[in-house]
Amino acid sequence: MRADASGIPDRACYDTLRNLVSQRRSVRRFRSDCVPREIIGLVLDIARLSPSAANSQPWEFVVVEDEALRRDVARAAASLFSELRKRDQSFNWSISVQPFLTQAPVLIVVLGDRRMIEAYPSILRGGVLLRQSLAACIYGLQLAAESLGLASAWGTIQGGRPEAEIRQILGIPECFTVDHIVPVGYPDEEEVERAVALTPARERGVRRRPLADVVHWGTYDPDRIRSDDEASRFVWTDTVTRVLPYPAGRRDGPSGC
Ligand SMILES: Cc1cc2nc3c(=O)[nH]c(=O)nc-3n(C[C@H](O)[C@H](O)[C@H](O)COP(=O)(O)O)c2cc1C
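Residues numbered from 1 in each chain as written. Predicted model: local features only at pLDDT ≥ 70, side-chain atom pairs only at ≥ 80, totals over all residues.

The helix and strand inventory of the protein stands at eight helices and five strands. N-terminal to C-terminal, the α/β element order of the protein is α-α-β-α-β-α-β-β-α-β-α-α-α. The buried share of the protein, taken over its 257 residues, is 25%. Once local pairs closer than 6 in sequence are excluded, the contacts in the protein between residues at least 24 apart make up 80%. (Helix = DSSP H or I, 4+ residues; strand = E, 2+ residues; numbered from the N terminus. Buried ≥ 20, exposed ≤ 12 C-beta atoms within 10 Å, placed from the backbone. Contact = placed C-beta atoms within 7 Å.)

Here is the structure:
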């Protein structure tokens, strides 16, 4: 890599990557325009190049374009949310992608081949490495989509009736996990703008903690650890899905770290 007089390497590649990473947003409203298979192929080509535990590459992708199939998959995915909504009323389900899956012209169902777990060290076979590998892959997929002018979001399924239904609808063998659906399409700019205008900043997912707050050089700086209250306040005021006011003095989250 070239360096300038002050020893700073040529930043063009870094700047391109940073722009891509910082402009990507979860988009939950799509235009109905088809996305050519060649373009989806380019996106998945990047996804398959992702790192994975033991290079196990546990991912396979079912690309659902057919409208009737998409509707069935979306209905199954959304059913999880109607169940959960009853149980967790402080959760802001309205900004979840699941209710909008029907709008996206392409649903990419990301499968994880459980048989690859055998590649992992015997004490680490609980499935965590498999899921971490899929997470790395999905982020690569989302960045690739962004680089091609496509919007995407991350839909979590994870278990229960929705997973069983989707498995059945798409004929997915039992050896695969069916935990994630990534809708892909061209963003419906008008709808996205309208949603942004109606959504408080914290719910748009635009906020990130500053670099100085998350980096410790050398050893952990204990003076900068967030108190349990600050951590809980962050959950209730800065993450995207808690909609009730912060309950003062709340201490039932993870603590004592
Ligand atoms: C592991 C994981 C699971 C997620 N699950 C969902 C989901 O089920 N539904 C959804 O709408 N967004 C989901 N998201 C997207 C996050 O809400 C989103 O990335 C976050 O709010 C930051 O917003 P941004 O993607 O616009 O930067 C998930 C993201 C990750 C990394």
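Still more ground to cover, so stick around.
For the rest of this paragraph, the subject is the nonpolar core. The biggest cluster of nonpolar side chains holds 44 residues, and the ones touching the most others in it are Ala77, Leu101, Leu107, Val109, Val110, Leu141 and Val184. Those elements that place two or more of their residues in this core are helix H2 (37–48), strand S1 (59–64), helix H3 (67–87), strand S2 (106–113), helix H4 (128–147) and strand S5 (176–185). Per element, the largest residue contribution to this core is eight residues, and it comes from H4. Those residues in contact with Val109 that sit more than four places away from it in its chain are Phe61, Val62, Val64, Ile166, Leu170, Val178 and Ile181. (Core = buried A, V, L, I, M, F, W, Y, C linked by C-beta atoms within 7 Å.)

With that settled, the discussion passes to the packing of helix H1 (residues 12–23) against H4. Contact geometry of H1 with H4 gives a least axis separation of 10 Å together with a crossing angle of 100 degrees. Taken together, the axes of H1 and H4 are roughly perpendicular relative to one another. Contacts from Leu20, Val21 and Gln23 of H1 reach H4 at Leu143, Glu146 and Ser147. (Axes fitted to C-alpha atoms, helices over the stretch in contact; angles between N-to-C directions. Parallel < 35°, antiparallel > 145°, perpendicular 65-115°, else oblique.)

Here we come to unusual backbone geometry. One non-glycine residue with positive phi stands out, namely Ala54, at about 60 degrees. The residue Ala54 is located in the loop between H2 and S1 in this model. At Asn55, a position not held by glycine, the phi torsion is positive, near 55 degrees.

Attention shifts here to the confidence of the model for the protein. The predicted coordinates of low-pLDDT regions are not to be read in fine detail. Mean pLDDT over the protein: 86, with 86% of residues reaching 70 or higher. A low-confidence stretch, residues 249–256 (pLDDT under 50), is modelled with seven contacts involving residues beyond four sequence positions or located in other chains. (pLDDT = per-residue confidence, 0-100.)

Moving on, we come to the packing of H3 against helix H5 (residues 160–170). Between H3 and H5, whose axes approach to 7 Å, the crossing angle comes to 165 degrees. When the axes of H3 and H5 are compared, the pair comes out roughly antiparallel. For the element pair H3 and H5, the recorded crossing hand is left-handed. Along its contact with H3, which presents Leu69, Asp72, Val73, Ala76, Ala77, Ser79 and Leu80, the element H5 presents Gly160, Arg161, Pro162, Glu165, Ile166 and Ile169. Of the residues assigned to the contact of H3 with H5, the class counts are eight nonpolar, two polar and three charged. (Left-handed = near helix turned anticlockwise from the far one by under 90°. Nonpolar A, V, L, I, M, F, W, Y, C, P; charged D, E, K, R; others polar.)

Counted residue by residue, S5 has nine buried out of ten residues, so it is predominantly covered. For S2 and S5, the ladder comprises eight bridges, and the chain directions are antiparallel. What sits directly across from Val110, in S5, is His180. By the bridge criterion, two bridges tie strand S3 (residues 151–152) to S5 in an arrangement that is antiparallel. (Pairing = 2+ DSSP bridges.)

Here we come to H2. Helix length check: H2 (twelve residues) gives 16 Å between terminal C-alpha atoms against 16 Å at 1.5 Å per residue, within 8%. Within H2, burial applies to Ile40, Val43, Leu44 and Ala47. The arc enclosing the buried residues of H2, seen along the axis, measures out at 95 degrees, which places them on a common side. Facing away from the buried side of H2, by more than 90 degrees, are the exposed residues Glu38, Gly41 and Asp45. The secondary structure elements touched by the buried residues of H2 are S1, S2, H4 and S5. (Expected span 1.5 Å × (residues − 1). Arc of directions from axis to C-beta.)

As a further point, take the environment of Phe30. Along the chain, the position of Phe30 falls in the loop between H1 and H2. Measuring from C-alpha to C-alpha, the distance between Phe30 and Pro183 comes to 8.9 Å, with 153 residues separating the pair along the chain. If near-sequence neighbours (up to four positions away) are discounted, Phe30 is found in contact with Gln103, Ala104, Pro105, Ala151, Pro183, Gly185, Tyr186, Pro187 and Asp188.

Turning our attention to the environment of Ala78. Mapped onto the elements, Ala78 comes out in helix H3. Residue Ala78 is classed as buried on the basis of its 20 C-beta neighbours within 10 Å. Note: C-alpha distance between Ala78 and Thr102 (24 residues apart in sequence) is 9.8 Å. With near-sequence residues (within four places) excluded, Ala78 lies in contact with Gln98, Pro99 and Leu101.

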